[in-house]
Structures are given as C-alpha cells and as structure tokens.
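Overview (structure and organization)
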Amino acid sequence: MNTYHNYISEKERDKLCGIRDGHPYSWVDTELFSAQPPEHQALIVDWIENELVPAKTKSNPISSNRLKAVLEKQLPDVDISNNALKDALYQCGYEPVNVQQFNWLFCIDRRKSPALVAARKGHY
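Residues numbered from 1 in each chain as written. Predicted model: local features only at pLDDT ≥ 70, side-chain atom pairs only at ≥ 80, totals over all residues. Heavy atoms only, no water.

Considered as a void within the structure, the largest pocket measures approximately 160 Å³ in volume. Lining the largest pocket, in full, are Ala55, Lys56, Thr57, Ser59, Asn60, Ile108, Asp109, Arg110 and Arg111. A class-by-class count of the residues in the lining of the largest pocket yields 2 nonpolar, 3 polar and 4 charged. (1 Å grid on protein atoms, 1.4 Å probe; cavity = no way out; pocket = protein on both sides within 12 Å on 5 of 7 lines; lining within 4 Å. Points joined across faces, edges and corners; volume = space filled by probe spheres on them. Nonpolar A, V, L, I, M, F, W, Y, C, P; charged D, E, K, R; others polar.)

Laid out in structure tokens, this is it:
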C-alpha cells in the first residue's frame, strides 16, 4: 500500500494529478475506463448518458468520488475506480473544473439528473 500520501499536503498531492495522453492520471489511481469489462463499459456509458445532465453553470459542481458512490449504488455489479470513472466522464464529454485535483469536480445539474435525484431521495 502506498503511504506516501500521508506525508504530503493536499496541495502537493494535487500537483501529481492531471491529464496525460487524453486520460486522467493520478499518482495513486491509474486505472482507466478501458480496463473495465466491455459489458460494464456499456452500462457505465448508458448510466452517464441517461442519468446525468450537464449543468449550464459552474456553480455547485459534484465530485467524481460522489458520482462513483452513486453509480456503484445504482449499478451494484459494477466496481469502478475513481480514476476510471473520471476517464469515462471525460470521454463522454464532461469537462472537470480543475484537472489537477485528485477528485475532479463536474458541472452536473443536481435537479435534472435522475441519478442524483434518486440518490438525494435515498432511492437507489
């Protein structure tokens, strides 16, 4: 287990994150969306396209880690890393607010996205 993260600040850690070769990377999570089984890739893309709605403004973005938790509750057979979900969202056209953060923030409409409405109501 990499314990390096225990010895560096969040600001230093964020410098070790970004985009390389068109995919997100971080110093601790390197899994890409393409590592998912094809049937899971299809489920994830379908979930992104049908359950999330892009926001018109950059106010109140939602973290990739929160989206991962919602996805895994709604698709219990899918186990995805934070980085792989960031990659899937990026490939589906969602732009992060700041690529240098470990948990990317995405501008997704919380009121119009069926997945987030269900999560807020406790329905998974």
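Back to the write-up after that little detour.
Core analysis: the biggest nonpolar cluster contains 23 residues, and Ile44, Leu52 and Leu67 have the highest contact counts within it. Elements represented by at least two residues in this core include exactly α2 (38–51), α3 (64–74), α4 (82–91) and α5 (114–121). Among the elements that take part in this core, α4 stands out by supplying 4 residues, more than any other. Apart from residues no more than four positions distant in its own chain, Leu67 is found in contact with Trp47, Leu52, Ile62, Leu85, Leu89, Phe106, Ile108 and Leu116. (Core = buried A, V, L, I, M, F, W, Y, C linked by side-chain atoms within 4.5 Å. Buried < 20%, exposed > 50% of the residue type's maximum accessible area, 1.4 Å probe, protein only. Helix = DSSP H or I, 4+ residues; strand = E, 2+ residues; numbered from the N terminus. Contact = heavy atoms within 4.5 Å.)

With 14 residues, α2 ought to run about 20 Å at 1.5 Å a step, and its terminal C-alpha atoms sit 19 Å apart, in line with that. When α2 is considered as a whole, its buried residues turn out to be His40, Ile44, Trp47 and Ile48. Looking down the long axis of α2, one finds its buried residues gathered within 95° of arc, a one-sided arrangement. Exposed residues on α2 whose side chains face more than 90 degrees from its buried face are Pro38, Glu39 and Glu49. (Expected span 1.5 Å × (residues − 1). Arc of directions from axis to C-beta.)

With that settled, consider the environment of Ile62. Assignment of secondary structure puts Ile62 in strand β3 (residues 62–63). Note on Ile62: relative accessible area 3%, which makes it buried. Residues Ile62 and Pro96, spaced 34 residues apart in sequence, show a C-alpha to C-alpha distance of 9.8 Å. The residues touching Ile62, leaving out its near neighbours within four places in the chain, are Leu67, Trp104, Leu105, Phe106, Ile108, Arg110 and Leu116.

Let's shift gears to the confidence of the model for the protein. Across the protein, pLDDT averages 88, with 87% of residues at or above 70. The least confident element of the protein, judged by mean pLDDT, is helix α1 (residues 10–14) at 65; the most confident is α2 at 97. (pLDDT = per-residue confidence, 0-100.)

It is worth spelling out the side chain of Asp87 at this point. Turning to its location among the elements, Asp87 is positioned in helix α4. Comment: no salt bridge for buried Asp87; closest opposite-charge side chain is Lys86, at 9.9 Å. Among the polar contacts listed, one links the side chain of Asp87 to the side chain of His23, at a separation of 2.8 Å. If we ignore the near neighbours within four places in the chain, the residues touching Asp87 are Gly22, His23, Pro24, Leu32, Phe33 and Ser34. (Lys, Arg positive; Asp, Glu negative; His and termini not counted. Salt bridge = Lys/Arg side-chain N within 4 Å of Asp/Glu carboxyl O. Polar contact = N/O pair within 3.5 Å; in protein donor to acceptor, adjacent residues only side chain to side chain.)

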